[in-house]
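The lines below spell out each chain.
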Amino acid sequence: MVYRDLLLLLDDSRGAAQRITATAEFAKRTGAGINAIYLGVHHQIPSYAAAEISAQVLETRDQAIKEQAEASKEAFMQACSAAGVAGRFSCLVDSPGELADAAMAAGRIADVVVLGQPDEAEGGWMGPWLLESILLGCGRPVLVVPYIGAHERIGSKVLVGWDGGREAARAVGDSLPLLLQASEVTVLSVNREPDAKRPSTEEITAHLVRHGVPAKHHDVKIEALSAANYMLNRASDEGADLIVMGAYAHSRLRELILGGMTRDILKHMTVPVLLSH
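Residues numbered from 1 in each chain as written. Predicted model: local features only at pLDDT ≥ 70, side-chain atom pairs only at ≥ 80, totals over all residues. Heavy atoms only, no water.

Draft legend 1. Just the sheet that holds strand β6 (residues 157-161), in detail. Sheet architecture is open: 10 strands sit in the order β3-β2-β1-β4-β5-β10-β9-β6-β7-β8, paired in mixed fashion. The open sheet has two edge strands with one neighbour each: β3 (87-94) and β8 (215-220). The mean angle between the axes of side-by-side strands here comes to 20 degrees, regardless of whether they run parallel or antiparallel. With six bridges connecting them, strand β1 (residues 5-10) and strand β2 (residues 33-41) associate as parallel partners. For Leu6, the partnering residue across the bridge sits in β2 and is Ile34. The sheet strands contacting helix α1 (residues 16-30) are β1, β2, β4 (112-116) and β5 (142-145), and the helix crosses β1 at an angle near 175 degrees. (Pairing = 2+ DSSP bridges. Helix = DSSP H or I, 4+ residues; strand = E, 2+ residues; numbered from the N terminus. Axes fitted to C-alpha atoms, helices over the stretch in contact; angles between N-to-C directions. Contact = heavy atoms within 4.5 Å.)

Here it is as structure tokens:
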């Protein structure tokens with residue numbers, strides 16, 4: 001398997017420019033083309049308020065979206081040209097729900113969907129809910145790029161989170177084209193109890209080695225840090241430029257109430273993360 005189609009979702013958030021650059025470099029390295037879609041949101045206006053909003057206000061809103069999309073297109077096409085990759089650009093303007101549905105549909109015919117890290121401080125409409133909707137609904141892996149940007153090469157040194165579960169197995173399979181190109185791959189298990197029903201880090205590492213992946217494994221027990229913080233610290237210490245992991249292995253209710261590794265990684269990530277569910 002190789003990557004040939006990347007779907008890049010864009011908006012007007014502060015990390016959009018870094019996302020474009022990272023995706024262009026990612027496409028150059030993998031030999032993929034990029035389908036970029038700018039998502040311009042029209043929030044639904046309650047009927048009781050619609051009468052109070054003038055046509056001029058709505059025209060101003062639409063013009064702002066158009067200008068933002070044009071600026072995004074220019075930056076995207078320049079990045080594609082500089083990287084020597086094929087790119088096509090389109091703009092969709094609709095309600096958040098309709099945009100999410102359209103993004104999920106487009107993602108189902110892509111090899112990887114590229115999104116930006118949810119930025120809680122900015123409060124944009126493309127928050128965690130859109131990432132979750134696409135990840136859980138499109139059936140494809142999602143590459144999340146930090147809003148601070150990414151290394152020039154994504155996937156040279158990779159850290160793989162492993163718990164032996166279905167989601168982790170999907171992530172390993174989805175990322176195999178990248179792992180085969182990596183110079184170093186570490187399969188990491190944090191605070192995992194022995195479980196005969198789930199493959200160990202040693203077993204999945206042996207599987208990767210048989211494919212030609214330069215993989216090693218490491219199991220750790222920690223108490224002072226959460227598993228998410230340990231993984232992020234480990235990525236920093238090893239100079240990793242990509243984390244691969246399964247997402248939302250627990251029910252969404254449990255994730256919401258207790259917090260979860262997926263949510264913690266996304267909140268504090270400093271390198272791109274490839275997620276599969």
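Draft legend 2. Spatial organisation of the packing of helix α6 (residues 166-181) against helix α7 (residues 201-211). At their nearest, the axes of α6 and α7 sit 11 Å apart, and the two run at 45 degrees to each other. By the angle class used here, α6 and α7 are oblique. For the pair α6 and α7, the crossing hand works out as right-handed. Contacts from Val172, Leu176, Leu179 and Leu180 in α6 reach Ile204, Leu208 and His211 in α7. (Parallel < 35°, antiparallel > 145°, perpendicular 65-115°, else oblique. Left-handed = near helix turned anticlockwise from the far one by under 90°.)

Draft legend 3. Representation of the pattern of salt bridges. This structure, assessed with the given rule, holds six salt bridges. We note a salt bridge from Arg166 to Glu167, for which the minimum N-O separation is 3.2 Å. For Arg166, a relative accessible area of 47% corresponds to the partly exposed category. Of the charged contacts in the structure, one is a salt bridge between Glu238 and Arg234, with a shortest N-O distance of 2.4 Å. Of this pair, Glu238 and Arg234 both sit in helix α8 (residues 227-238), four residues apart, which is roughly one turn of that helix. Like Arg234, Glu238 is buried. (Salt bridge = Lys/Arg side-chain N within 4 Å of Asp/Glu carboxyl O. Buried < 20%, exposed > 50% of the residue type's maximum accessible area, 1.4 Å probe, protein only.)

Draft legend 4. A look at the packing of helix α4 (residues 96-107) against helix α5 (residues 128-137). Closest axis-to-axis distance for the α4/α5 pair is 9 Å, and the angle between their directions is 35 degrees. Remark: the crossing between α4 and α5 carries right-handed chirality. Touching Pro96, Gly97, Ala100, Ala103 and Met104 of α4 are Trp129, Leu130, Ser133, Ile134 and Gly137, all from α5. Here the residues of the contact of α4 with α5 sort into seven nonpolar, three polar and no charged. (Nonpolar A, V, L, I, M, F, W, Y, C, P; charged D, E, K, R; others polar.)

Draft legend 5. Representation of the packing of aromatic side chains. If you walk through the whole model with that rule in mind, you get two aromatic pairs. Here Tyr3 and Phe26 contribute two aromatic rings whose centre-to-centre distance is 6.1 Å and whose plane-to-plane angle is 35 degrees, an arrangement assigned as tilted. You can see Tyr3 sitting in the segment before β1 and its partner Phe26 sitting in helix α1, a full 23 residues away along the chain. Each member of the pair, Tyr3 as well as Phe26, carries the same accessibility label: buried. Above the face of the Tyr147 ring, Arg14 is positioned so that its terminal group lies 4.1 Å from the ring centre. (Phe/Tyr/Trp six-rings, centres within 6.5 Å; stacked < 30°, edge-to-face > 60°. Lys NZ or Arg CZ within 6 Å of the ring centre and 35° of its normal.)

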